[in-house]
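Each chain is listed here by its residues.
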Amino acid sequence: MRDAIRRGRILVVGDVMLDRYWFGDVSRISPEAPVPVVHVTRNEDRVGGAGNVARNAAALGARVTLLSVVGRDEAGQSLRTLLEAEPFEVQLHVDPDYSTITKLRVIGRQQQLLRVDFETQPGHEVLAAKLEAYAQLLADCDVVILSDYGKGGLTHVTRMIELARAANKPILVDPKGDEWARYTGATVITPNRSEFREVAGSWKTEAELAAKAAAVRATYQLDALLVTRSEEGMSLFDASGAHHEATRAQEVFDVSGAGDTVIAAYGVALAAGAGGLEAVRLANRAAGIVVGKFGTAVATADEVFGEAA
């Protein structure tokens, strides 16, 4: 599969963001409030959101194009600088009135103490320009991945799915929220366990879960559902039934961005010509590697295929 992956072309669209980390020492409690005082000793910026999906797909060897929106601000410039160093094509539409999505995490004693989010909604003009660019990029990809973080970058997601369907391109969606009608017609949706429960309701048995998945697939005209289930692994529900993969993680250090890895690996496998089950196995291996790393990280082809060998 590794050679076929190198020929695969992935188009990633969605909410790109800057993951910013401040690391420090904690030795006392503030006299102003019962909170720890963090003496920041270093900082690190990483590409997050849809950008992390693109990084994961590229790390496995696929040819990737990332389409998103940033602001004309310091965070946007930092993000552009980071993305320029990545081995994939980037099309960033700039909205001067938009605050680039930033998640600032303060880390002390090897644990997250605080997260501060900076964000606004992108404007209609820049989103319209992005939709036009998306339509042009479709012809040169094998698989479309729509990474929805609910930040406004996928306002036109329904139209994007329609265009991809018309072009006969598989569409994978990492969903946000419980309004899945806008994802109608997608090839695969990849919710985590809690996201799926929001839409389908709770279940007590595997049979009940499979029945709910079948109902959701029918309602939203999906070819398949891939539900990630944390320590329980992940389950693929398609026309042939339910298929379960137990977790491959040896040690879970940080689950940040694991969903990005899953959808990226699944999409890369589909672009390489793999079937659903083979794609799930690749996604499961990649996710098992990433959760053993800190922060938004990637699983490389050497790691994934070395483990698989």
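On a predicted model such as this, the values are computed, not experimentally measured, just so you know.

Caption draft 1: Layout of the nonpolar core. Grouped together as the largest cluster of nonpolar side chains are 53 residues, with contacts concentrated most on I10, V12, V64 and Y266. Apart from residues no more than four positions distant in its own chain, Y266 is found in contact with L172, V188, L226, L236, G276, A279, V280 and A283. Core analysis: the next-biggest nonpolar cluster, separate from the first, contains 34 residues, L67, A133, M160 and A213 among them.

Caption draft 2: Up close: the packing of helix α6 (residues 193-200) against helix α7 (residues 206-220). Relative orientation of the contacting elements α6 and α7 amounts to 70 degrees, with a least axis distance of 11 Å. Classified by the angle between their axes, α6 and α7 sit roughly perpendicular to one another. The handedness of the crossing between α6 and α7 is left-handed. Judged by residue contacts, F196, V199 and A200 of α6 engage L209, K212, A213, V216 and Y220 from α7. Class assignment of the residues belonging to the contact of α6 with α7 gives a composition of seven nonpolar, no polar and one charged.

Caption draft 3: Seen up close, the side chain of D148. Here D148 is to be found in the loop between β8 (143-147) and α5 (157-166). With residues up to four places along the chain from it excluded, the contact list for D148 reads D15, L154, D174, P175, K176, R182 and Y183.

Caption draft 4: Spatial organisation of the packing of helix α4 (residues 124-137) against α5. With their axes 10 Å apart at the nearest point, α4 and α5 run at an angle of 15 degrees to one another. With respect to α5, the element α4 is oriented roughly parallel. In the crossing of α4 with α5, the sense of the turn from one axis to the other is right-handed. Facing K130, L131, Y134 and A135 of α4, the residues of α5 in contact are R159, M160, I161, L163 and A164. By residue class, the composition of the contact of α4 with α5 is seven nonpolar, no polar and two charged.

Caption draft 5: Molecular detail of the environment of L209. Note on placement: L209 falls in helix α7. Judged by its relative accessible area of 0%, L209 falls in the buried class. Spatially, the C-alpha atom of L209 lies 9.4 Å from that of A242, the residues being 33 residues apart in sequence.

Caption draft 6: Structural detail: the pattern of salt bridges. Summed over the entire model, instances satisfying the criterion amount to 19 salt bridges. Between R281 and E245 there is a salt bridge whose closest N-O contact spans 3.4 Å. Of this pair, R281 sits in helix α9 (residues 276-290) while E245 sits in strand β13 (residues 241-245), and the two are 36 residues apart along the sequence. Here R281 falls in the partly exposed class, since its relative accessible area comes to 39%. When salt bridges that share partners are traced, they join R193, E206, R229 and E232 into one network.

Caption draft 7: Structural context of unusual backbone geometry. Although it is not a glycine, Q110 sits at a positive phi angle of roughly 60 degrees. Looking at where Q110 falls in the secondary structure, it is placed in the loop between β6 (102-108) and β7 (111-118). The class for Q110 is exposed, based on a relative accessible area of 73%. The backbone of Q221 shows a phi angle near 55 degrees, a positive value even though the residue is not glycine. Position of Q221 among the secondary structure elements: in the loop between α7 and β11 (224-228).

Rules used throughout
Residues numbered from 1 in each chain as written. Predicted model: local features only at pLDDT ≥ 70, side-chain atom pairs only at ≥ 80, totals over all residues. Heavy atoms only, no water. Core = buried A, V, L, I, M, F, W, Y, C linked by side-chain atoms within 4.5 Å. Buried < 20%, exposed > 50% of the residue type's maximum accessible area, 1.4 Å probe, protein only. Contact = heavy atoms within 4.5 Å. Axes fitted to C-alpha atoms, helices over the stretch in contact; angles between N-to-C directions. Helix = DSSP H or I, 4+ residues; strand = E, 2+ residues; numbered from the N terminus. Parallel < 35°, antiparallel > 145°, perpendicular 65-115°, else oblique. Left-handed = near helix turned anticlockwise from the far one by under 90°. Nonpolar A, V, L, I, M, F, W, Y, C, P; charged D, E, K, R; others polar. Salt bridge = Lys/Arg side-chain N within 4 Å of Asp/Glu carboxyl O.

So far we have only geometry, and geometry alone does not tell us how the molecule works.
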